[in-house]
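Okay, here's what each chain looks like letter by letter:
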2 protein chains.
Amino acid sequence: MTDLNGLNANQLKELLDDLQQKYSTYQSQNLNLNMARGKPSPEQLDLSNKMFDILTSEDDLKAEDGTDIRNYGGLDGLPEAKQFFADILEVSPNEVLIGGNSSLNMMHDTVMRAMFHGVNAESEPWSKLPKVKFLCPSPGYDRHFSVCEVFNIEMIVVDMKNNGPDMDMVEKLVSEDESIKGIWCVPKYSNPDGITYSDEVVDRLAKMNTKADDFRIFWDDAYTVHHLTENPDVLKNIMVECKKAGNENRVYMFSSTSKITFAGSGIGVMATSENNLKHIKKLLSFQTIGPDKINQIRHLKFFKNHENLKKHMKKHADIIRPKFDLVLSKLDSELGSKNIAEWHNPNGGYFISLNTLDGCAKKVVTMAKEAGVTLTGAGATFPYGKDPRDRNIRIAPTFPSLSELEKAVDILCLCVQIASVEKLLEANTVEQ
Amino acid sequence: MTDLNGLNANQLKELLDDLQQKYSTYQSQNLNLNMARGKPSPEQLDLSNKMFDILTSEDDLKAEDGTDIRNYGGLDGLPEAKQFFADILEVSPNEVLIGGNSSLNMMHDTVMRAMFHGVNAESEPWSKLPKVKFLCPSPGYDRHFSVCEVFNIEMIVVDMKNNGPDMDMVEKLVSEDESIKGIWCVPKYSNPDGITYSDEVVDRLAKMNTKADDFRIFWDDAYTVHHLTENPDVLKNIMVECKKAGNENRVYMFSSTSKITFAGSGIGVMATSENNLKHIKKLLSFQTIGPDKINQIRHLKFFKNHENLKKHMKKHADIIRPKFDLVLSKLDSELGSKNIAEWHNPNGGYFISLNTLDGCAKKVVTMAKEAGVTLTGAGATFPYGKDPRDRNIRIAPTFPSLSELEKAVDILCLCVQIASVEKLLEANTVEQ
């Protein structure tokens, strides 16, 4: 294990030959491995299979308030479902809106409503403004950025630090530019870095002065109960802080059970001030009669209470922790102390974020693909798919089996080394 | 049974006294009856209760193509679900898009997409135009009109005739006014009239020249298999006719199983040309990963095939036909030949549409309410809630029990008579 930066041209060339030989061997194996998909494995989905048996035709098909769960109605969700998610998100049930199977859909529609109708009855629709901009802490979640793209919202990259977005930059930008209307945040076990925002970052987000009255934080708390370790990260409650700061309408929280029960048949949820919710529910009533109540009851009967949910998440962790451990230990043994890559050991979430030397990410992803390993496209973690330093690679370890993962990470590490050595050789040549 | 128009003032006054006495008796009973809600009764929902047992944790949880139905994916629905709905809607599976639990949501989002992005990649977003108008055959479905209101689309009332919308008017308007971008249609067992569009109307809609290139027919085939009689209405296939006429992109079809299985947990669906679908799916991919696949499989396992669906719908008809018969026979015995009201005997659908003398509907609905009978608000069946002749009342007979329904219709008929006699007395006074 040596710092590759210390090698001379000949040593680098020798190393490259060796690495390329190994790469050729993998190429000849016609592999088909995938570390691109942030989706639960079949074993994780099996954990919720009892949900298929939890409601039968023999059951009382009524909600607690007597609502027939089979019929129309319930625009914002059943009261017991709101209570359940309120407990998870640490908000009041009156601040909760239950959705369909997709929190992404709720985020999209929240932006859509702001574009067309404004964030409340008094404010101007964003689509009437000459320009709307969002801050995008990056690397971040590509589907957040896609929502901006589809509504023609200009994205401004803000650096992610090890405690959240660069708040000096955020505060400066929002205080100066009225066209900045929002910021995307994955505040806990962030996608892809696995970072949890510090208390200070949460406080500053809640308190900061924004030039735009209708500035909103899109707080995608997707991984709020998705811990990997016994000492999980703790995220400060931003709704509470916003209220304290007199900015109670500033936050839209989102979450879902997609990575808790069934990825395609979970429950999406959002939480925001009652004031915001009133506006949203009025507009929502033109869009739908209400979300699937049977699936709400199915979830509630399955979990019964918050304690069971926590136990259930431990079972998820037991399945995916070895996968994270494998990737992290491979990164450490293959790339550690070579001074060519950095990564963060997350305490939860779904991803490991690998930063290569500048200008190597695209090359690595292409090389890996050519050896049969699919990774998330380089650049996907940045707005417009453009990583300014071309160095970030998102690793999604949950879906493949351990043996697939082992081979895939070996290849990834090999590609990182090859690209790094080539880069160092180039620099070396330039110096000569 | 006499034509009330033939009575003189004294006879009318005498009759009014008698009717008002009956009305007082009902008022003193503190009734709480409801004929407003177009929703299935608990007995109808019971017909699908076996869906709760149809999938268990012991089942193979894969779709036909091997897709894990629990995980992410399937933006436009499972292939077998597309095939099932293609059979119902008489289109190709390639023309089908499976949604969540709400076809209203699909209609809303289709309008939303047209507003923001246009109906295809080339056409201009409607929101960029100074004015967008829709034709609204009326009486019609209030939630269609609400979608127009929420997107600030101007609604133009078109008369409903006994074979569909007034096509002379439709053809004239769409040929002259480029800002007319759409028309709302419930072509089979229309809401509320229960009318099915004639072949000629379908042909003319498919063939007509529209000034706007991006004109679209919103074809809400909500009641396509919801027959009440052994001789159901037959609706001509508008997709086929549009293709023949070279207007293959003209129609968006919508339907759902909300009034087939569970109203709140059914499957919404749309069908349109592959060209239109390509555009829609691209935009949809920014909004969601895909609809609930488990619920698709639940439906498919429950029905297995189209024949079983037909049998299932006969069971619905067996439950609701007596309710329609009761209402219709009451209307006949209480109002028939008095020349104060008109209605249509529908062969399917969910409603009976009652037209009173001009200027009486609001009064009738208010009076009925004061005697404990809730009806759909007068005017609700017209754009902006304004029935120009104030005469249309929508009766929804499916939800109440037969005994509730009997009393509710008695009261309704009484209120119609009182309002009519008062109206005739006014006219009588004016004449004197």
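Scroll up to find the structure this text is about.
In this text, all values refer to a predicted model and were calculated from it rather than measured experimentally.

Chemist: Just checking my understanding: could you explain the sheet that holds strand β13 (residues 392-395) of chain B for this structure?
Modeler: By definition, the strands of a sheet pair up through backbone hydrogen bonds, in either a parallel or an antiparallel sense. Residues and elements named next belong to chain B. Here we have 3 strands laid out as an open sheet, ordered β10-β11-β13, and antiparallel in their pairing. Pairing within the sheet leaves two strands with one partner each, and these edge strands are β10 (341-343) and β13. Neighbouring strand axes in the sheet, compared pairwise and without regard to direction, differ in orientation by 25° on average. Pairing of strand β11 (residues 352-356) with β13, which is carried by 4 bridges, proceeds in the antiparallel orientation. In the sheet register, Ile352 faces β13, and the bridge partner there is Ile395. Here helix α11 (residues 306-335) sits on the sheet in contact with β10, β11 and β13, set at roughly 15° to β11.

Chemist: Is there a simple way to explain the environment of A:Lys369 in this structure?
Modeler: All names here are of chain A. Examined against the element boundaries, Lys369 turns out to sit in helix α12 (residues 361-370). The exposure class assigned to Lys369 is exposed, which follows from its relative accessible area of 51%. Sequence separation between Lys369 and Ile183 is 186 residues; the distance between their C-alpha atoms is 33 Å.

Chemist: Explain the nonpolar core to me, please; I cannot follow it from the model alone.
Modeler: A general tendency of soluble globular proteins is for nonpolar side chains to be buried together. Of all hydrophobic cores here, the largest spans 114 residues; its most connected members are A:Leu205, A:Trp219, B:Leu205 and B:Trp219. Ignoring any residue separated from it by four or fewer positions in sequence, one finds A:Leu205 in contact with A:Met167, A:Val170, A:Ile183, A:Cys185, A:Tyr197, A:Ile217, A:Trp219, A:Ile238 and A:Arg250. By size, the runner-up hydrophobic cluster in this structure holds 64 residues, among which are A:Phe116, A:Tyr252, B:Phe116 and B:Met155.

Chemist: Please clarify how the packing of aromatic side chains should be interpreted in this entry.
Modeler: Each aromatic ring pair is described using two quantities: the centre-to-centre distance and the angle formed by the ring planes. All names here are of chain B. Following the criterion strictly, the structure yields 29 aromatic pairs over all chains and no others. Plain terms: the ring middles of Tyr350 and Phe351 are 6.5 Å apart, the flat faces sit at 65° to each other, and that makes the pair edge-to-face. By relative accessible area, which is 2% here, Tyr350 ends up buried. For Phe351, a relative accessible area of 3% corresponds to the buried category. Sitting over the face of the ring of Phe399, Lys39 holds its NZ or CZ atom 5.1 Å from the ring centroid.

Chemist: Help me understand the pairing of strand β9 (residues 268-271) of chain B, please; the structure alone is not making it clear to me.
Modeler: In the case of a regular strand, side chains alternate between the two sheet surfaces. Residues and elements named next belong to chain B. Here β9 shows no split at all, with Gly268 and Met270 on one side and Val269 and Ala271 on the other all buried. Of the pairings in the sheet, the one linking strand β2 (residues 96-98) to β9 comprises 3 bridges and is antiparallel in character. Across the sheet, residue Ile98 finds its bridge partner in β9, namely Val269. Judged from the 4 bridges that link them, strand β8 (residues 251-256) and β9 form a sheet pairing that is antiparallel. Looking across to β9, one finds that Met253 is bridged to Ala271.

Procedures and definitions
- Residues numbered from 1 in each chain as written.
- Chains lettered and ligands numbered in written order.
- Predicted model: local features only at pLDDT ≥ 70, side-chain atom pairs only at ≥ 80, totals over all residues.
- Heavy atoms only, no water.
- Pairing = 2+ DSSP bridges.
- Helix = DSSP H or I, 4+ residues; strand = E, 2+ residues; numbered from the N terminus.
- Axes fitted to C-alpha atoms, helices over the stretch in contact; angles between N-to-C directions.
- Contact = heavy atoms within 4.5 Å.
- Buried < 20%, exposed > 50% of the residue type's maximum accessible area, 1.4 Å probe, protein only.
- Core = buried A, V, L, I, M, F, W, Y, C linked by side-chain atoms within 4.5 Å.
- Phe/Tyr/Trp six-rings, centres within 6.5 Å; stacked < 30°, edge-to-face > 60°.
- Lys NZ or Arg CZ within 6 Å of the ring centre and 35° of its normal.

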